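Notes for the structure review
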Amino acid sequence: MAGRCRDKLTILSANVRGLQTNIGDLTHSHVLPQNPDVIATVETFLNSSVPANYGQLQDYTTWHRRDRTHGTFGSVAVCFRKSLSVQVVEVDMPEHLELIFFKVWTHNNEAVLLCVCYRPQWQGSEPLHFIHTNLDALLYQQTCKHLIIIGDLNQHLVARRISHLPPTRYPGSSDHVAILTTVKVRVDRDEPTTRTNWLWRRADWEALRAELSQTNWEDRLTGTLNEQVEAFTSYLLSLQSKYVPCQTYKSRPGDQPWFGFRCREAADLKSRAWRRLRASSTQANRQNVGKKEWWSSLKQQQGLATDSTIPPLTTPSGEVVTRGTDKAELFSAHFSIKMSVTHPNNTPPRIPVLTTAELDSLHITMEEVMALLSKTDTKKALGPDNISPHILRQCAAELATPLTQLYRECLTSQTWPALWKQARVVPFGFRQGKSAADLLLLNSTEWITAIDSGKEVFVVALDIAGAFDRVWFKGVAAKLRSLGVCGGLLHLLEDYLHGRTLHTVVDGHSSSQHHIKASVSQGSVLGPLLWCVYFNDILQLVPEAKAYADDC
């Protein structure tokens, strides 16, 4: 926990008198200079016509809002630094009360109940009466020992009610000015992680290709298949560090994967330009800030941003986890449990052989490997081995030789390298250019034809729960045999399925490797093919059936 718990929680509260009008001034005059943990605004004048993700600030969650449902003015909006562990507390209250409750985690999994309140004068002491009446129950239900009240309470009119709050609770307020409140409490938060930004446009590709072409692969790729793959990967990554410039920077919790070094640099430059303009409105400073069109575009993009922060999670034992690494571990454990079958070592039933043809090996040529490498999509993310698709494509001719050697060794040894069995959980890849609409069109045509012929049409729709996660390895092997796959190729595919691992990444924090005891590798080239092999026999039994992924 060292370095993650800080001894204070900072809260910026302000009566903004219109968040849409004053969000720029609030951000650059108060948020950026102070970097508060919590931003609490009242009298936001927001209503249902304003998108829920309007005005998201970099490094902060989307606004948690309680808009006024009657008339104008009023309403409350709160956002938090994404590194903070926070959960919204749902409280049953009268619709006109403008209160929001949150649970903020501190060290040792303790929590503080935070209440953000706007008390219009016409409501009298009703909001504070509601808090007093329900406070003990809320603290007990949420297992919180302390309370923080923040907002515009117009407390000069209800000072006696506020004075009755116990001393262990900390009320704060803002009356048409921004106030920064500091509470001495050790708050649990995720720290920034280190990211490396590779500058591919400045890479010395000629020198990299020259060194690869001079490499003696026979001497470098020796030992077992796993040793050869590890040596190939380490060598390629060392050349990447040698010939591709990079920049290392701190990625804050909640940063999107695409928000790289240049985005961070541009955001910081924009902020400094705005502060200079606020200090001195000279012509030069106005030009540095940018044109109105640029700011309009930025505002639109900002409004489209989504909040991807994962809230605190509860383990099966009831413990609450707030750290990114702990969340990643919890997800990986969950996925690992899902990717299993009840009796993995059972003997599969005998499946009729569907063909007399046999396929026991493959012939891999260097020309085919080079052709595939040259078509590598450079927009794809790095795999777990961290080899960039940029290098695979730019150096296709030079890498065709060692990769062909490794692929042939896979066939000869009938094993799949352990390094290539590591995976991240990714969305399943459907057939390119095909969608559910194609299947619906095909079915509709058949149904209309049947009805026009005077027939009746009955439709049964099936969806297999956890279909891809529960593919039985031995079942896949049995069905491959029925399709004529045998010998060394069958053993290779069996080894490809066994011994796989996955890890999960949450806000830049990675879990350890967890074993997978079932499933096809989603997002891989072989995954959809092996799924079709496993699922195909139902389509053989029912010729009229049509399938789309695991839907039938």
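Note that this is a predicted model, so its numbers are computed, not measured.

What counts as what
Residues numbered from 1 in each chain as written. Predicted model: local features only at pLDDT ≥ 70, side-chain atom pairs only at ≥ 80, totals over all residues. Heavy atoms only, no water. Helix = DSSP H or I, 4+ residues; strand = E, 2+ residues; numbered from the N terminus. Contact = heavy atoms within 4.5 Å. Areas by Shrake-Rupley, 256 points an atom, 1.4 Å probe, with all protein chains shown as cover. pLDDT = per-residue confidence, 0-100. Buried < 20%, exposed > 50% of the residue type's maximum accessible area, 1.4 Å probe, protein only. Pairing = 2+ DSSP bridges. Phe/Tyr/Trp six-rings, centres within 6.5 Å; stacked < 30°, edge-to-face > 60°. Lys NZ or Arg CZ within 6 Å of the ring centre and 35° of its normal. Axes fitted to C-alpha atoms, helices over the stretch in contact; angles between N-to-C directions. Parallel < 35°, antiparallel > 145°, perpendicular 65-115°, else oblique. Left-handed = near helix turned anticlockwise from the far one by under 90°. Nonpolar A, V, L, I, M, F, W, Y, C, P; charged D, E, K, R; others polar. Polar contact = N/O pair within 3.5 Å; in protein donor to acceptor, adjacent residues only side chain to side chain. Salt bridge = Lys/Arg side-chain N within 4 Å of Asp/Glu carboxyl O.

1. Focus on the overall build of the protein
- Within the protein, the secondary structure is distributed over 17 helices and 21 strands.
- Taking as baseline every contact in the protein between residues at least 6 positions apart, the subset at least 24 positions apart corresponds to 72%.
- Accessible surface for the protein amounts to roughly 30100 Å². Of this, 54% is attributable to carbon and sulfur atoms.

2. Quick notes on the confidence of the model for the protein
- Confidence in the prediction for the protein averages 83 pLDDT; 84% of positions are at 70 or higher.
- Scored below 50 in pLDDT, residues 166-175 shows 30 contacts in the model against residues more than four places distant or in partner chains.
- For the stretch residues 296-306, pLDDT sits under 50, and the model shows 15 contacts to residues farther than four places along the chain or on other chains.

3. Observations concerning the pairing of strand 8 (residues 111-118)
- Most of strand 8 is tucked away, with eight of its eight residues classed as buried.
- Side chains of strand 8 alternate between two faces, with Ala111, Leu113, Cys115 and Cys117 and Val112, Leu114, Val116 and Tyr118 buried alike.
- Alignment of strand 7 (residues 98-105) against strand 8, held across eight bridges, turns out to be antiparallel. Residue pairing in the sheet places Lys103 in a bridge with Leu113 of strand 8.
- In this structure, the hairpin formed by strand 7 and strand 8 is closed by a connection of five residues, where Asn108 is found at a positive phi of approximately 60°.
- Relative to strand 9 (residues 146-152), strand 8 is paired through seven bridges, and the arrangement is parallel.

4. A short note on the packing of aromatic side chains
- Evaluated as defined, the whole model comprises twelve aromatic pairs.
- Ring geometry for Trp200 versus Trp205: centroids 6.1 Å apart, planes at 10°, classification stacked. Here Trp200 and Trp205 have matching classes, each one buried.
- Taking 4.6 Å as the distance between ring centres and 45° as the angle between the ring planes, the aromatic pair formed by Phe468 and Trp531 counts as tilted. Of the two residues, Phe468 is situated in the loop between helix 14 (436-452) and helix 15 (473-482) and Trp531 in helix 17 (residues 526-541); the sequence distance between them amounts to 63 residues. Of the two residues, Phe468 and Trp531, both sit in the buried class.
- The ring of Tyr235 carries Arg220 above its face, with NZ or CZ at 3.7 Å from the centroid.
- For the cation-ring pair, Arg500 lies above Tyr496, with the distance from its terminal atom to the ring centre recorded as 4.6 Å.

5. Comments concerning the sheet that holds strand 5 (residues 76-80)
- Taken in spatial order, the five strands of this open sheet run 4-5-3-2-11, and their pairing is mixed. Whereas interior strands pair on both sides, the edge strands pair on one side only; in this sheet they are strand 4 (64-66) and strand 11 (179-183). Pairwise comparison of adjacent strand axes, ignoring direction, gives a mean angle of 15° for this sheet.
- With five bridges connecting them, strand 3 (residues 38-42) and strand 5 associate as antiparallel partners. Across the sheet, residue Ala40 finds its bridge partner in strand 5, namely Val78.

6. Structural notes on the packing of helix 11 (residues 366-373) against helix 13 (residues 396-413)
- At a closest axis distance of 8 Å, the pairing of helix 11 and helix 13 adopts a crossing angle of 125°. When the axis of helix 11 is compared with that of helix 13, the two are oblique. Read as a crossing pair, helix 11 and helix 13 show a hand that is right-handed. Taking contact as the criterion, the partners of Met366, Val369, Met370 and Leu373 in helix 11 are, on helix 13, Ala396, Ala397, Leu399, Ala400, Thr401, Leu403, Thr404, Tyr407 and Arg408.
- Split into classes, the residues belonging to the contact of helix 11 with helix 13 amount to ten nonpolar, two polar and one charged.

7. A closer look at the sheet that holds strand 21 (residues 514-515)
- If you walk across this open sheet you meet the three strands as 17-18-21, and the pairing is mixed. The outermost strands of the open sheet, each flanked by one partner alone, are strand 17 (422-424) and strand 21.
- In this structure, strand 17 lies alongside strand 18 (residues 501-503), joined through three bridges in parallel fashion. When the sheet's bridge partners are listed, Gln422 is paired in strand 18 with Thr501.

8. What to know about the environment of Ser75
- Secondary-structure assignment places Ser75 in the loop between strand 4 and strand 5.
- Taking C-alpha positions, Ser75 is 5.6 Å from Thr44, a pair spaced 31 residues apart along the chain.
- Once you skip the residues sitting within four places of it in the chain, Ser75 turns out to touch Thr41, Val42, Glu43, Thr44, Phe45, Leu46, Arg66, Asp67, Arg68 and Glu98.
- Of the polar contacts made by the side chain of Ser75, one reaches the backbone nitrogen of Phe45; its length is 3.4 Å.

9. Some thoughts on the packing of helix 4 (residues 205-213) against helix 6 (residues 225-243)
- At a closest axis distance of 10 Å, the pairing of helix 4 and helix 6 adopts a crossing angle of 150°. As summarised for this structure, helix 4 and helix 6 are arranged roughly antiparallel, according to the angle between their axes. Classified by chirality, the crossing of helix 6 by helix 4 is right-handed. Judged by residue contacts, Ala207, Leu208, Glu211 and Leu212 of helix 4 engage Tyr235, Leu236, Leu239, Lys242 and Tyr243 from helix 6.
- Looking at the contact of helix 4 with helix 6 residue by residue, the classes come out as seven nonpolar, no polar and two charged.

10. So, the environment of Trp200
- In this fold, Trp200 is placed in the loop between strand 13 (193-198) and helix 4.
- A residue is classified by how much of its surface remains accessible, and Trp200, at 15% relative accessible area, is buried.
- In sequence terms Trp200 and Ser388 are 188 residues apart; their C-alpha atoms lie 9.9 Å from each other.
- Contacts of Trp200, omitting those with residues within four sequence positions, involve Trp205, Gln240, Val244, Ser388, His390 and Ile391.

11. Notes on the pattern of salt bridges
- According to the stated counting rule, one finds seven salt bridges in the structure shown.
- The salt bridge involving Asp495 is made with Lys421; its shortest N-O contact spans 3.3 Å. Taken together, the positions of Asp495 in helix 16 (residues 487-497) and Lys421 in the loop between helix 13 and strand 17 put the pair 74 residues apart, joining distant regions of the chain.
- Given the relative accessible area of 21%, Asp495 is considered partly exposed.
- Where Arg481 meets Glu494, a salt bridge forms, and the shortest distance between an N and an O atom there is 3.6 Å. One end of the pair, Arg481, is in helix 15; the other, Glu494, is in helix 16, and 13 residues separate them in sequence.
- Relative accessible area serves as the criterion here: at 43%, Arg481 is assigned to the partly exposed category.

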